[in-house]
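Coordinates in review
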Amino acid sequence: MTMDKTTSKIIVGISVGDINGIGIEIILKTFEDKRMLDFCTPVIFASNRLISYHKKNLKLHNTIFGINSLDKIADTKINLMNSWSEEVKIELGKSTEIGGKYAYKSLEAATNALRNNQIDVLLTAPISKENIQSEEFNFPGHTEYLEENLEGKSLMILMSDTLRVGLITGHIPISKVSESITPALIKEKVDIMYHSLKQDFSITKPKIAILGLNPHCGDHGIIGDEDDVIIRPTIAEIKESGKLVFGPYAADGFFGSETYKKFDGVLAMYHDQGLAPFKALSFGNGVNFTAGLNKVRTSPDHGTGFDIAGKNNANPSSFKEALFTSLQIFKSRKQYETLTENTLKTR
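Residues numbered from 1 in each chain as written. Predicted model: local features only at pLDDT ≥ 70, side-chain atom pairs only at ≥ 80, totals over all residues. Heavy atoms only, no water.

A sheet is described by the order of its strands in space; here twelve strands give the open sequence S3-S4-S2-S1-S5-S12-S11-S6-S7-S10-S8-S9, paired in mixed fashion. Here the strands that pair on one side only, and so sit at the sheet edges, are strand S3 (64-67) and strand S9 (244-249). Across the sheet, the axes of successive neighbouring strands diverge by a mean angle of 25°, strand direction being ignored. Alignment of strand S1 (residues 10-15) against strand S2 (residues 40-46), held across six bridges, turns out to be parallel. Along S2, the bridge assignment pairs Ile 14 with Ile 44. Sheet contacts for helix H9 (residues 271-282): strand S6 (152-159), strand S7 (164-167), strand S8 (207-211), strand S10 (265-268) and strand S11 (287-293); angle to S7, the most-contacted strand, approximately 160°. (Pairing = 2+ DSSP bridges. Helix = DSSP H or I, 4+ residues; strand = E, 2+ residues; numbered from the N terminus. Axes fitted to C-alpha atoms, helices over the stretch in contact; angles between N-to-C directions. Contact = heavy atoms within 4.5 Å.)

Right under this line is the structure:
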């Protein structure tokens, strides 16, 4: 059956990640439950040979519908868009150049389909940031690649039921963090999170907490002056625009005292400041969402899992959460578009 895109379910494009990791395992396990097809139409970007190899190794029995063109997507099936035809050497549990090459091929094909509106949302399985590097992929991770290939400015948000953490600075060395934090960057990331909370999560008046950079927010200049010179004045300026933005908060006490539960979103100054506590609180059920772009992309909160690849031990919970999150955000955006259009028409 060829799908009529005007009447069908949300089309979820899926990149398989590193072919020697747990990506394909968590994808197949997610769709073992046929009821998942009631919620969406999945399209996996890979090859028949690759998926068949993993199915056989894991003794999984998903029925896969192979297609060679995206206009042949079947609404009630697990679609496999054949994105290459050659046989690929698979070495489960190993980080190889070939593993990175075909992770990129899958991501590239899925991103092109997303950009061309042939799929509605993108769900990415984990890549190895090391072996995927090449002339074609010269980025610290998915987020930066997608920002380059889609429209908008990105913000990485790790989220669970009780916590959404965004990053002022992303995949950069700790030694570069302080010099990278500017009033303009803080304002930009606040704007992205604020708009995302309204558009993607239907929160009318979002409350955002901002963490300080230094221990104890610098202790009034004793442990660095960035919090007093850059961060506090910027927060005060943002508040004047009417946004409910608070801080800076010392990160240790903020998470330890569960103050985060009082806010709709939290902005951390650097990667591990936000993601270490997030993963301690939510690992395995968290979702990575790329806010700020014109398309929806989510992923699980874990890596390639080379140590358990091929052993049938991978837990698909985070991948399932990422799938349902992408569907909900897509619906929220559609609703937001309708509401804002109606508001403009009544003026």
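Before going further, it helps to examine the nonpolar core. Membership of the largest hydrophobic core comes to 65 residues, with the highest contact counts inside it found for Phe 31, Ile 44, Ile 186 and Ile 210. Split by domain, the residues of this core number at least three in each of domain 1 (1-151 + 294-307) and domain 2 (154-292). With 23 residues, the next largest nonpolar core counts Tyr 104, Ile 119, Ile 127 and Leu 146 among its residues. (Core = buried A, V, L, I, M, F, W, Y, C linked by side-chain atoms within 4.5 Å. Buried < 20%, exposed > 50% of the residue type's maximum accessible area, 1.4 Å probe, protein only. Domains from an automatic or database assignment.)

In the predicted model, the chain carries a mean pLDDT of 92, and 96% of its residues have values of at least 70. This stretch, residues 1-7, has a pLDDT under 50; its non-local contacts, to residues over four places away or in other chains, come to 16 contacts. (pLDDT = per-residue confidence, 0-100.)

Before going further, it helps to examine the packing of helix H6 (residues 183-199) against helix H7 (residues 226-240). Relative orientation of the contacting elements H6 and H7 amounts to 45°, with a least axis distance of 10 Å. On the basis of their axis angle, the class for H6 and H7 is oblique. Crossing angle aside, the handedness with which H6 passes H7 is right-handed. Of H7, the residues touching H6 (which contributes Pro 183, Ile 186, Lys 187 and Val 190) are Ile 230, Ile 231, Thr 234, Glu 237 and Ile 238. Per-class residue counts for the contact of H6 with H7 are six nonpolar, one polar and two charged. (Parallel < 35°, antiparallel > 145°, perpendicular 65-115°, else oblique. Left-handed = near helix turned anticlockwise from the far one by under 90°. Nonpolar A, V, L, I, M, F, W, Y, C, P; charged D, E, K, R; others polar.)

With that out of the way, let us pick up unusual backbone geometry. Cis geometry marks the peptide bond from Gly 247 to Pro 248, where omega comes out at 0°. Tracing the sequence through the fold places Pro 248 in strand S9. Although it is not a glycine, Ser 202 adopts a positive phi angle of roughly 55°. Inspection of the secondary structure assignment puts Ser 202 in the loop between H6 and S8.

With respect to the helices and strands, Asn 20 occurs in the loop between S1 and helix H1 (23-30). Within the structure, the side chain of Asn 20 is placed 3.2 Å from the side chain of Thr 96, a separation counted as a polar contact. With near-sequence residues (within four places) excluded, Asn 20 lies in contact with Ile 90, Glu 91, Leu 92, Gly 93, Lys 94, Thr 96, Gly 99, Phe 306 and Ala 309. (Polar contact = N/O pair within 3.5 Å; in protein donor to acceptor, adjacent residues only side chain to side chain.)

So, about the pairing of strand S12 (residues 296-300). Side-chain positions along a regular strand alternate between the two faces of the sheet. Within S12, five of the five residues are buried, which leaves the element mostly enclosed by the surrounding structure. Here S12 shows no split at all, with Val 296, Thr 298 and Pro 300 on one side and Arg 297 and Ser 299 on the other all buried. Hairpin connection of S11 to S12: two residues between the antiparallel strands.

Okay, the domain arrangement of the chain next. Domain annotation of the chain identifies domain 1 (1-151 + 294-307) and domain 2 (154-292). Each of domain 1 and domain 2 was reduced to a C-alpha centroid, and the two centroids are 31 Å apart. Domain 1 puts 14 residues into the contact, and the matching count from domain 2 is 16 residues. Of the roughly 1,100 Å² buried between domain 1 and domain 2, counting both surfaces, carbon and sulfur atoms make up 46%. Interface area lost by domain 1 to domain 2 is led by Thr 143, Arg 297 and Asp 301, which between them contribute 49%. Summed over the shared surface of domain 1 and domain 2, the number is six residue pairs in polar contact (both at pLDDT 80 or more). Where the side of domain 1 that touches domain 2 is concerned, the elements lending two or more residues are helix H4 (142-149) and S12. For the side of domain 1 that touches domain 2, the element with the highest residue contribution is S12, accounting for five residues. (Buried area = accessible area lost by both parts, 1.4 Å probe.)

Evaluation of the coordinates by the stated rule reveals 14 aromatic pairs. On the numbers, 6.0 Å between centres and 55° between planes, the contact of Phe 246 with Phe 263 is tilted. Of the two residues, Phe 246 is situated in strand S9 and Phe 263 in the loop between helix H8 (251-256) and S10; the sequence distance between them amounts to 17 residues. Residue Phe 246 is classed as partly exposed on the basis of its relative accessible area of 25%. (Phe/Tyr/Trp six-rings, centres within 6.5 Å; stacked < 30°, edge-to-face > 60°.)

Now for the pairing of S9. Relative to S9, S8 runs parallel, the two sharing four bridges. Looking at the pairing, Leu 211 lines up with Tyr 249 of S9. Regarding the hand of the β-α-β motif, the stretch spanning S8, H7 and S9 is right-handed. (Right-handed = clockwise from strand over helix to strand, strands pointing away.)

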